[in-house]
Amino acid sequence: MEKIGRFGDFGGQYVPETVMNAVSELQEAYERYRNDPQFLAELRELYRNYAFRPSLMYYARKMTEDLGGAKIYIKREDLNHTGSHKINNALGQVLLAKYMGKKRIIAETGAGQHGVATATICAYFDMECEVYMGREDMERQALNVYRMELLGAKVTGVDSGTATLKDAINEAMRDWATNIETTFYCIGSVMGPHPYPIMVRDFQKIIGEEAKAQLMEKEGKLPDCVVACVGGGSNAMGIFYDFIPDKSVRLVGAEAAGRGIDTDQHAATISKGEKGIFHGMKSVFLQNEEGQIAPVFSISAGLDYPGIGPEHAYLHETGRADYVAITDEEAVQAFEYLSKTEGIIPAVESAHAVAAARKIAPTMRPDQILLINLSGRGDKDVQQIARYRGVNIDG
Amino acid sequence: MANRLDTKFEELKQTGKKALVTYIVAGDGGYALTEEAILAMEQAGVDIIEIGVPFSDPIAEGTIIQQASQRALQGGTTLKGVFEMVERLRKKTDMPLLLMLYANSIYRTGTDKFFDRCREVGIDGVIVPDLPFEEHDEFKEDSERNGVYNISLVTPTSHGRIAKIAASAKGFLYCVSSTGVTGMRDTFSTNFEEFFGEIKKSARIPCFVGFGIRSGAAAKTMGSYCDGVIVGSAVVSRVGEFGEKAVPEITAFCKELRQGLDG
């Protein structure tokens, strides 16, 4: 039997039988619409007039001068409607759900950005929306919880396990298995069973396609290095994908090292994980020697996940992309650095990419280009960063 | 050696009885309690037992088994320990024993090593809730080499896939009564005549129904559609509720199920 939805050995469809038919149905629907002119035209229209794409390509002059190496460009996904790249995928999936005749959308969310994006599109399309969120994340990202509710979504707290992103996914999968005939599960990252990793990447690859065209226009050449943060890995796949055939472009993913990869409080899957099967896919996971999934830790709720999308596992295994681990402290410093240097407050997730860029840029030549994917804006994180720094802004 | 499941099916055929299959989470309340409960269930008329290996993230389970898994893991249950428990049990019983566990527990152990160990300790089959028909090849070679059945599941949402799953299934076919996760249910919305009609067209092995059965009466009704019933959460909840005093409760419950099935 030919293996479908695989990246080398990674990927697959490791889901309970109850949802397998829905996965097959989704696979067929996606095959039908991914090249359908009407679907694509409608999606392009939404990208343009609802998400406000293309996102800007910004030359970070002060950062370039300060770091004294490569010329630094920033892809401004933070300027999209709802404040992050997550809108690209949510638009694609909810539109697909509409084409499939589904009326109810469920989603999981970590930092809340995917939940907000999904709730937004559901408001726009008049669809019922329920978002699962770990109780701990609800506390860290209270602002986004309120945003989702404001948009008409129901936010359901998840107390099981570690009460973070992975547990929200477990609970969303259980809901899906229960309400399988009516419900579309809008997964927020390039993970889960086939076709999700491919589909989410396809809805995000516009980031890289735009970036390539924008840099060709501004600089007349490709970047030498592209940096993005990686939790499940959707913004990274989005900006990497169009550059994969361009072997001269170094691709770097920044994962969350939390309190350090030599502690047990991190979420650095590629650095410390092992191959495994979980959440519908064969990929790399943080786990113990018996395959129990490890609790993870990061200041960033969006990167606080013990796995990584299967295509990243493949890019790592084949050496096409490199993955570096960034600690909470480095990320917070980068958060402050970009705010003060360029007047841009990044999401704490994206700050991991900025931190990696601060290390890489000085090792490059001035005629080289380093491109950072700024996946989201940081308003949601200000309170938490203040707390991290011991500043009381709760009033 | 013949697989104990086949021996059991032969015996059930002779006696004309339906199979009673129960599930218990290994190590919930300690290995000793699990062992005692398993032997007591056999005495109470249970034919086959599924031993649940606790997993950190049991996505196919309802609250009762999630919490039991959590308790078992906190109590230090490991796959290694479960295998040792089965080794001890094998000195006292020859009934078919299966492991129900998530794909990662097998994969991380090493598929070949895992199934070798199954044969060594006397495990007759495995049920992997996150391994659908499409991915069965993952463990096929190593399970078959060791004579361990990898049990297939069909659900009311399997639709057009029922025929191909049923036709290639080994051991017995696990028929899931309804959509959703494991747990006790008051009512079922599935049209069982239709569901089992479809299954029986292709299945050449015994078909057992599970998910949601909580009483002797339910066992009787559900058992009438097929060759046996599988009861999990209703057993596990008694371990949760009665702790070290659970064995008499479980025994009484299994007798009720047995009577329901036989009556």
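None of the values given here were measured: they were computed from a predicted structure. (Residues numbered from 1 in each chain as written. Chains lettered and ligands numbered in written order. Predicted model: local features only at pLDDT ≥ 70, side-chain atom pairs only at ≥ 80, totals over all residues.)

Okay, the interface of chain A and chain B next. Facing the 27 residues of chain A at the interface are 33 residues of chain B. Here the side of chain A that touches chain B takes 6 residues from helix α8 (residues 165-178) of chain A, the largest share from any one element. Its residues assigned to classes, the side of chain A that touches chain B shows 11 nonpolar, 12 polar and 4 charged. (Contact = placed C-beta atoms within 7 Å. Helix = DSSP H or I, 4+ residues; strand = E, 2+ residues; numbered from the N terminus. Nonpolar A, V, L, I, M, F, W, Y, C, P; charged D, E, K, R; others polar.)

Residues and elements named next belong to chain A. Counting buried positions along strand β10 (residues 250-258) yields 8 of 9 residues, so the element is predominantly enclosed. In terms of strand pairing, strand β9 (residues 225-229) meets β10 through 5 bridges, oriented parallel. Within the sheet, the bridge partner assigned to valine 227 lies in β10 and is valine 252. A crossover connection joins β9 to the parallel β10 through helix α11 (residues 234-240); in handedness this β-α-β unit is right-handed. Across 7 bridges, β10 lies against strand β13 (residues 321-327) in parallel orientation. By the bridge assignment, alanine 254 is partnered in β13 with valine 324. (Buried ≥ 20, exposed ≤ 12 C-beta atoms within 10 Å, placed from the backbone. Pairing = 2+ DSSP bridges. Right-handed = clockwise from strand over helix to strand, strands pointing away.)

We now examine the confidence of the model for chain B. Averaged over chain B, the pLDDT score is 95; the fraction of residues at 70 or greater is 100%. ipTM for the predicted complex: 0.96, alongside a pTM of 0.96. (pLDDT = per-residue confidence, 0-100.)

This paragraph deals with the domain arrangement of chain A. Residue and element names in this part refer to chain A. The domains assigned to chain A are domain 1 (7-47 + 85-200) and domain 2 (54-84 + 205-388). Taking only C-alpha atoms into account, the centre of domain 1 sits 22 Å from that of domain 2. Domain 1 puts 40 residues into the contact, and the matching count from domain 2 is 41 residues. Among the elements of the structure, β2 (10-14), α4 (86-100), α5 (113-125), α6 (135-140), α7 (142-150), α8 and α9 (196-204) are those that each provide at least two residues to the side of domain 1 that touches domain 2. Take the side of domain 1 that touches domain 2: its biggest share by element is 5 residues, from β2. (Domains from an automatic or database assignment.)

One finds Val226, Val227 and Leu370 of chain A together with Phe208 and Val229 of chain B to be the most contacted residues of the largest nonpolar core, which totals 226 residues. It is helix α15 (residues 348-360) of chain A that contributes the most residues to this core, 8 residues altogether. When residues are assigned to domains, this core turns out to be shared by domain 1 (7-47 + 85-200) and domain 2 (54-84 + 205-388) of chain A, each giving three or more. Setting aside its immediate chain neighbours within four residues, valine 227 of chain A contacts Val252, Ala254, Ala353, Ala356, Ala357, Ile360, Leu370, Ile372 and Asn373 of chain A. (Core = buried A, V, L, I, M, F, W, Y, C linked by C-beta atoms within 7 Å.)

Next up on the list: unusual backbone geometry. Residues and elements named next belong to chain A. Put simply, arginine 53 and proline 54 share a cis peptide bond, and its omega is -5 degrees. Along the chain, proline 54 falls in the loop between α2 (37-49) and β3 (57-59). Geometrically, the link from histidine 194 to proline 195 is a cis peptide bond, its omega value of 15 degrees lying close to zero. By the secondary structure assignment, proline 195 is in the loop between β8 (183-185) and α9. The backbone of threonine 82 sits at a positive phi, close to 75 degrees, despite the residue not being glycine. Non-glycine residue histidine 279 carries a positive phi angle of around 50 degrees. By the element assignment, histidine 279 lies in the loop between β11 (274-278) and β12 (280-285).

Residue and element names in this part refer to chain B. Of the two faces of strand β8 (residues 228-231), both are covered, the one formed by Gly228 and Ile230 as well as the one formed by Val229 and Val231. Examined bridge by bridge, strand β1 (residues 19-25) and β8 share 4 bridges and lie parallel to one another. Within β8, the position partnered with threonine 22 by the bridge is valine 231. Bridge count for strand β7 (residues 207-210) against β8 is 3 bridges, and the pairing is parallel. Paired with phenylalanine 208 across the strands is glycine 228, a residue of β8. Tracing the backbone out of β7, into helix α10 (residues 216-223) and back to the parallel element β8 gives a crossover that is right-handed.

Residues and elements named next belong to chain A. Turning to its location among the elements, serine 375 is positioned in the loop between β14 (369-374) and α16 (382-388). Residues serine 375 and alanine 163, spaced 212 residues apart in sequence, show a C-alpha to C-alpha distance of 24 Å. With residues up to four places along the chain from it excluded, the contact list for serine 375 reads Glu77, Ser84, His85, Ala228, Cys229, Asn235, Ala347, Glu349 and Ser350.

All names here are of chain A. Read across the open sheet, the 4 strands follow the order β1-β2-β12-β11; overall the sheet is antiparallel. If you trace the sheet from one side to the other, it starts and ends with β1 (6-7) and β11, each paired once. Across 5 bridges, the pairing between β11 and β12 is antiparallel. Bridging from a neighbouring strand, glutamate 274 pairs with phenylalanine 285 of β12.

Helix-helix packing is characterised by the crossing angle of the two axes and by the distance between the axes. Residues and elements named next belong to chain B. Across the interface, α10 lies against helix α12 (residues 246-262) with an axial gap of 7 Å and an inter-helix angle of 35 degrees. Of the two elements, α10 crosses α12, and the hand of that crossing is right-handed. Seen from α10, the contacting residues are Gly216, Ala217, Ala219, Lys220 and Gly223; seen from α12, they are Glu256, Leu257, Gln259, Gly260 and Leu261. In the contact of α10 with α12, the residues fall into 4 nonpolar, 4 polar and 2 charged. (Axes fitted to C-alpha atoms, helices over the stretch in contact; angles between N-to-C directions. Left-handed = near helix turned anticlockwise from the far one by under 90°.)

Time to look at helix α10 (residues 206-219) of chain A. Its 14 residues place the ends of α10 of chain A 19 Å apart at the C-alpha level, agreeing with the 20 Å of an ideal helix rising 1.5 Å per residue. Among the residues of α10 of chain A, Ile206, Ile207, Gly208, Glu210 and Ala211 of chain A are the ones counted as buried. (Expected span 1.5 Å × (residues − 1).)

What follows covers the environment of isoleucine 299 of chain A. Residue and element names in this part refer to chain A. Assignment of secondary structure puts isoleucine 299 in the loop between β12 and α13 (310-317). Residues isoleucine 299 and aspartate 328 lie 29 residues apart in sequence; the distance between their C-alpha atoms is 5.8 Å. Among all residues touching isoleucine 299, those that are not within four sequence positions of it are Asp328, Ala331, Val332, Val348 and Tyr388.

All names here are of chain A. The residue tyrosine 241 is located in the loop between α11 and β10 in this model. The class of tyrosine 241 is buried, set by 21 C-beta atoms lying within 10 Å. With 35 residues separating them in the primary sequence, tyrosine 241 and isoleucine 206 have C-alpha atoms 9.1 Å apart. The residues contacting tyrosine 241, other than those within four sequence positions of it, are Arg201, Lys205 and Gly208.

Let us look at the sheet that holds β8 of chain A. Residue and element names in this part refer to chain A. Here we have 4 strands laid out as an open sheet, ordered β7-β6-β5-β8, and parallel in their pairing. Each edge of the open sheet carries a strand with a single partner, namely β7 (154-158) and β8. The mean angle between the axes of side-by-side strands here comes to 25 degrees, regardless of whether they run parallel or antiparallel. Taken together, the 6 bridges between strand β5 (residues 104-109) and strand β6 (residues 128-134) define a ladder with parallel strand orientation. Among the inter-strand pairings, alanine 107 is bridged to a residue of β6, identified as valine 131.

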